[in-house]
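# Architecture at a glance
Spelled out, the chains give:
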Amino acid sequence: MFIVGILGWWYGRGWGMRAQMLRDKLMSTFDYFSIDLLLRTLFSPYRQISAGKVRGALGVQMRAFADRLISRMIGGMIRLTMILIGSVILVVYAIFGVILLVVWGVVPLLPLISIVMVSAGWTP
């Protein structure tokens, strides 16, 4: 009865808790890199607080336009790089998380597998 209870928890609530931990880890990583915010502000000016309208001669307005354009391009490149890095890390966490979930299901069978392997004469 004790073994049945342990296995019931292992394959029921324990597996669900492990899946919840993986989900929380993925969500915290997604939040850490702020991928949704970076996507929404992909072409916003980068660290340019005074990017408002400029009045003056045509040369001054063209310079302000070029400044804003360059600032947006730099911001786009930096944000795109951070989105790519965050996405790669999310995929790596997801792959390892799924592997851990599969291994979680096999762990209770390992003593039986080792007994069968030892009785068959296999030694590492």
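So, a few notes on the structure that sits alongside this text. (Residues numbered from 1 in each chain as written. Predicted model: local features only at pLDDT ≥ 70, side-chain atom pairs only at ≥ 80, totals over all residues. Heavy atoms only, no water.)

This next bit is on the packing of aromatic side chains. A complete count under the given rule lists five aromatic pairs for this structure. Between the aromatic rings of Tyr-32 and Phe-33, the centroid separation amounts to 5.3 Å while the plane-to-plane angle is 90°, which identifies the pairing as edge-to-face. Taken together, the ring pairs in this structure connect Trp-9, Trp-10 and Trp-104 into an aromatic cluster. (Phe/Tyr/Trp six-rings, centres within 6.5 Å; stacked < 30°, edge-to-face > 60°.)

A few words on the nonpolar core. Side chains that are nonpolar tend, in soluble globular proteins, to be buried together. Core analysis: the biggest nonpolar cluster contains six residues, these being Phe-33, Ile-35, Leu-38, Leu-42, Ile-83 and Leu-90. Setting aside residues up to four positions removed in sequence, Leu-90 forms contacts with Leu-26, Thr-29, Phe-30 and Ile-35. (Core = buried A, V, L, I, M, F, W, Y, C linked by side-chain atoms within 4.5 Å. Buried < 20%, exposed > 50% of the residue type's maximum accessible area, 1.4 Å probe, protein only. Contact = heavy atoms within 4.5 Å.)

This paragraph deals with the environment of Phe-33. Topologically, Phe-33 is positioned in helix H1 (residues 2-33). Sequence separation between Phe-33 and Val-91 is 58 residues, and the spatial gap between their C-alpha atoms is 13 Å. Those residues within four positions of Phe-33 in sequence are excluded, and the remaining contacts are Leu-38, Met-82, Ile-85, Gly-86 and Ile-89. (Helix = DSSP H or I, 4+ residues; strand = E, 2+ residues; numbered from the N terminus.)

Here we come to unusual backbone geometry. In this structure, Ser-34 is a non-glycine residue whose phi angle is positive, near 50°. As for its position among the elements, Ser-34 is in the loop between H1 and helix H2 (35-40).

This next bit is on H1. In this model, H1 (32 residues) spans 44 Å end to end at C-alpha, consistent with the 46 Å of a helix rising 1.5 Å per residue. Maximum bend of H1: about 40°, positioned at Trp-10. Among the residues of H1, Trp-10, Gly-14, Leu-22, Thr-29 and Phe-33 are the ones counted as buried. Contacts from the buried residues of H1 go to H2 and helix H3 (58-106). Positive backbone phi, at 50°, marks Ser-34, one or two positions downstream of H1. (Expected span 1.5 Å × (residues − 1). Bend = angle between axes of the 7 residues up to and from the residue.)

Before going further, it helps to examine H3. The terminal C-alpha atoms of H3 lie 72 Å apart, and with 49 residues this matches the ideal 72 Å at 1.5 Å per residue to within 8%. When H3 is considered as a whole, its buried residues turn out to be Ala-64, Ser-71, Gly-75, Gly-76, Arg-79, Ile-83, Gly-86, Leu-90, Gly-97, Leu-101, Trp-104 and Gly-105.

The next subject is the pattern of salt bridges. Within the structure shown, the criterion is met by two salt bridges. Between Arg-23 and Asp-24 there is a salt bridge whose closest N-O contact spans 3.5 Å. By relative accessible area, Arg-23 is classed as partly exposed at 48%. Across the pair Arg-40 and Asp-36 runs a salt bridge whose closest N-O atoms are separated by 3.7 Å. Here Arg-40 pairs with Asp-36, and both are found in helix H2, just four residues apart, close to one helical turn. Under the relative-accessibility criterion, Asp-36 is labelled partly exposed at 37%. (Salt bridge = Lys/Arg side-chain N within 4 Å of Asp/Glu carboxyl O.)

So, about the packing of H1 against H3. Helices that pack against each other are described as a pair by the angle of their axes relative to one another and the distance between those axes. Contact geometry for H1 and H3: axes closest at 10 Å, N-to-C directions at 175°. Considered as vectors, H1 and H3 are oriented roughly antiparallel to each other. Counted by class, the contact of H1 with H3 contains 18 nonpolar, five polar and two charged residues. (Axes fitted to C-alpha atoms, helices over the stretch in contact; angles between N-to-C directions. Parallel < 35°, antiparallel > 145°, perpendicular 65-115°, else oblique. Nonpolar A, V, L, I, M, F, W, Y, C, P; charged D, E, K, R; others polar.)

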